[in-house]
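Each chain, letter by letter, is given below.
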Amino acid sequence: MSGGVDSAVAAARAAEAGYDVTGVHLALSRNPQTYRSGARGCCTLEDARDARRAADVIGIPFYVWDMADRFHADVVDDFVAEYAAGRTPNPCLRCNEKIKFAAVLDRALALGFDAVVTGHHARLGADGLLRRSVDLGKDQSYVLAVLTREQLAHSIFPLGDSTKAQVREEAARRDLAVAEKPDSHDICFIADGDTRGFLHSRLGGTPGDIVDATTGEVVGTHEGAYAYTVGQRRGLDLRRPAADGKPRYVLSITPVTNTVTVGPAEALEVDRVHGERPVWTAGEVPSSEIDCEVQLRAHGEPVRAGVRVDSDRLVAELHRPVRGIAAGQAVVAYRPDPAGDIVLGSATITTAERAGAPA
Amino acid sequence: MAYLDHAATTPMLPEALDAYAATARELGNASSLHAPGRHARRRVEESRERIAAALGARPSEVIFTSGGTESDNLAVKGIFWARRAAEPARTRIIASAVEHHAVLDSVEWLAREEGARVTWLPVDGLGRMEVDALRASLDEYGDEVAFATAMWANNEVGTVQPVAELAQICAAHGVPLHTDAIQAVSQVPVDFAGSGAAALTVTGHKLGGPIGVGALVLGRDIECTPLLHGGGQERDVRSGTLDVPGIVAFATAVEIAVKGRAEYAARVGEIRDALIAGVRQAVPDAILNGDPVDRLPGNAHFSFPGCEGDALLLLLDAQGIACSTGSACSAGVAQPSHVLLAMGADDDRARSSLRFTLGHTSTLAEVDAVVAALPAAVERARRAGAVRAARV
Ligand SMILES: Cc1ncc(COP(=O)(O)O)c(C=O)c1O
């Protein structure tokens, strides 16, 4: 129970469904004051209080579990290391993989509980398949797609059939004070939302070149390649306009040489994506290419693709090119379904390229 | 429900509750000069006398406060400031390493904000303060010590301290001793004058009185700078309109607790001994922490190797058993107990501890409930502990 409206309503529904529910708030910061100090996020004392209040109103026991060391090692340090390696990680996904459905679930199972209930917006039915929420705008199946069948077998997502608006209404009806609490949007361990500043404080600044891919010329300098994300246009601060007069985007980041490579928008287009460490959420490892949809970033548009396994890696052949695919994000495969698109599996993007003829 | 957390708070005695309700119906501010004021004043002064009599103090030495935390803060900061004002060289505090946070954090605050220097008085493996260490530090620093503070009995592991001996050593060096006797009053004999202490903390809700009222018993000749300024109601050391019903109920509880102490200690001690025997039988490798002999009759404190205290607490709570890990929380996250660490326990043993404390409503049936629930809880907590150990 983060202290937000979703987990509060999820807990209330689980309790009402007859489960013997215990509320758990995760202490993720080693020093609660140093993280976020506003009303949102996952780590403040105020959030812990909100979560406790909700548990009291629902009438369930409530405990704070200290996961700060694990969270630091598996999520925060990983986040920094991924950026340092030129990739763009998704810390929420990592937190689900390593903390909520691993450290927390393991502890809960050992203590005699059967499952972890969360307020994620995704559907998980009796068939054991993970599906998108009915509220496509709030759907969180993307950040859950790292979960294995085994993890899903011990997970309950009571909110998947409701819209966020319905959840808020229900919270108000249940006298949960968090009904009107604003959604948290950014990364919970970055207090002010300033990811660049956070990375700078962790990684320091190492000036390097910004190189134009089309000419090979140095067109600017930067204070640390990690601060850039593939597809980024703003904040490049190039010394001179490109020869072709077109705007420049970040195409790639090369940590070894501390180089940021830029180029025109077309050069961002890719139609083949490679992913490592695939997880086949829906069960079977595909034996041949499957025709499905893939989502390549949180809140990204799904794209039709053929997905296959190639020596322990996932390869997605996109039916149309897309722009700005960053290594470190997840490629999630979905099978469209009237009862909610089904998550087939996911992998961490390593590379993406233009395989077909340029559009 | 089995309630084994009387050291956190114990139910009000019926007599105290009745006294509270009766007095709360009466009108009057004890500082007012008119008839209702005089009536309230009389209630307060009678209460002061009853408490003084029960604790071996003079009525004028009893300063009412809002409870133990305030009394400890007042003693630590107030005596420090007053002593330093009188003799600027006296900026050192001698404090035992096992004090409650109300004392500990006040001392640390003075060190951080007021330039106090601190000598922490060590304890042995049973949690007993080392008398020789006090002697040695007074020999070394005697001239610069403002005051010393050493609790009468420890709230976590229940060890009763040699307070009179400590006070005698302090007195020989002209150093006042404050003692937090919150857990001691009602469980062991406490006599302020006889102890030789300069100041003593007591609170209502640990002995059958209400929460939010307590006292600092402050020797007549001990200077203490106030924390709260205002009407100067309590000897000019403490200001604030007095909580008349709270004070009357507090005095009622103190009187009953002290009068019935011997009988209480025998009865509760017997139940506690049954609990210790039962726990040892149920979990043979459980370790009893604290002094097995000089111990509060209501306290049983164990480490359960391989378990986390938090996990046990959760599992027992789910079985309707209320107990405590005994240690303070920061943002709800259990910290390893500073008391156990001071006793030389390692981090794991400190985190694996659970405190059961008994009181005037305790029964053998509650002991049976704990002993019955414990083996399964310990087994599960061990599994959870193993998961954690494997992953970190
Ligand atoms: C030894 C000791 N000192 C101080 C306190 C604080 O007293 P109070 O709760 O009245 O503020 C307690 C109890 O919580 C205690 O056990």
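Taking an unreviewed UniProt entry as the reference, chain B is identified by name as Cysteine desulfurase belonging to Planosporangium flavigriseum. A UniProt comment under Catalytic activity (unreviewed entry) is attached to chain B, and it reads "(sulfur carrier)-H + L-cysteine = (sulfur carrier)-SH + L-alanine". As recorded by UniProt, the Sequence similarities (unreviewed entry) comment attached to chain B reads in full: "Belongs to the class-V pyridoxal-phosphate-dependent aminotransferase family. NifS/IscS subfamily."

The name given to chain A in an unreviewed UniProt entry is tRNA-specific 2-thiouridylase MnmA, with Planosporangium flavigriseum as the source organism. If you open the UniProt record of chain A and go to Catalytic activity (unreviewed entry), you find "S-sulfanyl-L-cysteinyl-[protein] + uridine(34) in tRNA + AH2 + ATP = 2-thiouridine(34) in tRNA + L-cysteinyl-[protein] + A + AMP + diphosphate + H(+)". On record in UniProt, under Sequence similarities (unreviewed entry), the comment for chain A is "Belongs to the MnmA/TRMU family."

S.K.: So what about the sheet that holds strand β14 (residues 353–357) of chain B? Which residues, and what values?
M.R.: Strands in a sheet are paired, the pairing made by backbone hydrogen bonds, and the direction either parallel or antiparallel. Residues and elements named next belong to chain B. Here we have three strands laid out as an open sheet, ordered β9-β10-β14, and antiparallel in their pairing. Looking along the sheet, the strands with just one partner apiece sit at the ends: β9 (287–288) and β14. In this fold helix α9 (residues 261–282) packs onto β9, β10 (299–303) and β14, with an angle of close to 15° to the strand it touches most, β10.

S.K.: Before we move on, can you summarise the site of the ligand with the specific residues and values?
M.R.: Residues and elements named next belong to chain B. Residues in contact with the ligand amount to 13 residues; listed here are only the nearest, G68, T69, D180, T203 and K206. At a separation of 2.8 Å, an oxygen atom of the ligand approaches a polar side-chain atom of H205. With the chains in place, 85% of the 390 Å² that the ligand exposes on its own is no longer accessible. Counting residues per element, the shell around the ligand draws most heavily on helix α3 (residues 68–86), at three residues. For the shell around the ligand, a count of residues per class yields two nonpolar, eight polar and three charged.

S.K.: Lay out helix α1 (residues 5–16) of chain A with the relevant residues and their values.
M.R.: Residues and elements named next belong to chain A. End to end, α1 covers 16 Å across 12 residues, agreeing with the expected 16 Å (1.5 Å per residue, within 8%). Every buried residue belonging to α1 is among V5, D6, S7, A8, V9, A10, A11, A12, R13 and A14, and all of these are buried. Packing partners of the buried residues in α1 comprise α2 (45–58), β3 (116–117) and α7 (164–173).

S.K.: So what's going on with the packing of α1(A) against α7(A)? Which residues, and what values?
M.R.: Residues and elements named next belong to chain A. Direction vectors running N to C along α1 and α7 enclose 70°, while the axes themselves pass 10 Å from each other. As summarised for this structure, α1 and α7 are arranged roughly perpendicular, according to the angle between their axes. Once α1 is placed against α7, the crossing between them reads as left-handed. For the pair α1 and α7, contact is made by V5, D6, V9 and R13 and by K164, V167, R168, E170 and A171, respectively.

What counts and what doesn't
- Here the residue index of a chain counts from 1 through its sequence in written order.
- Chain A is the first chain written and ligand 1 is the first ligand written, with later ones labelled in order.
- In keeping with the model being predicted, local features are shown solely for residues with a pLDDT of at least 70 and side-chain atom pairs are shown and tallied solely at 80 or more, while totals for entire chains, interfaces and linings include all residues.
- Just so you know, side-chain values use all the structure's heavy atoms and leave hydrogens and water out.
- UniProt positions are given in the numbering used here, feature names are shortened, and annotations may be inferred rather than shown by experiment.
- Here, a strand pair is defined by DSSP locating no fewer than two bridges between the strands.
- Secondary structure elements are defined from DSSP: runs of H or I of at least 4 residues count as helices, runs of E of at least 2 residues count as strands, and each element is numbered from the N terminus.
- Contacts between residues were defined by any pair of non-hydrogen atoms, one from each residue, lying within 4.5 Å.
- Every axis corresponds to a line fitted to the C-alpha atoms, with the helix fit spanning only the stretch in contact, and the corresponding angles, defined between N-to-C directions, vary from 0 to 180 degrees.
- Throughout this document, a residue counts as near a molecule or strand when at least one of its heavy atoms sits within 4 Å of that molecule or strand.
- A 3.5 Å cut-off defines polar contacts: any pair of N or O atoms within that distance qualifies, except that in protein one atom must be a possible hydrogen donor and the other a possible acceptor, and neighbouring residues in sequence count only when both atoms are side-chain atoms.
- Computed with the Shrake-Rupley method and a 1.4 Å probe, the accessible areas treat only the protein chains shown as cover for residues.
- The nonpolar class holds Ala, Val, Leu, Ile, Met, Phe, Trp, Tyr, Cys and Pro. Asp, Glu, Lys and Arg form the charged class, and all remaining residues, Gly among them, are polar.
- Expected span of a helix: the number of residues minus one, times 1.5 Å.
- Relative accessible area decides the class of each residue, using a 1.4 Å probe on protein chains only: under 20% of the type maximum gives buried, over 50% gives exposed, and in between gives partly exposed.
- Oblique is the label for any angle not covered by the other classes, which are roughly parallel (under 35 degrees), roughly antiparallel (over 145) and roughly perpendicular (65 to 115).
- Left-handed describes a crossing whose near helix is turned anticlockwise from the far helix by less than a right angle; the clockwise case is right-handed.

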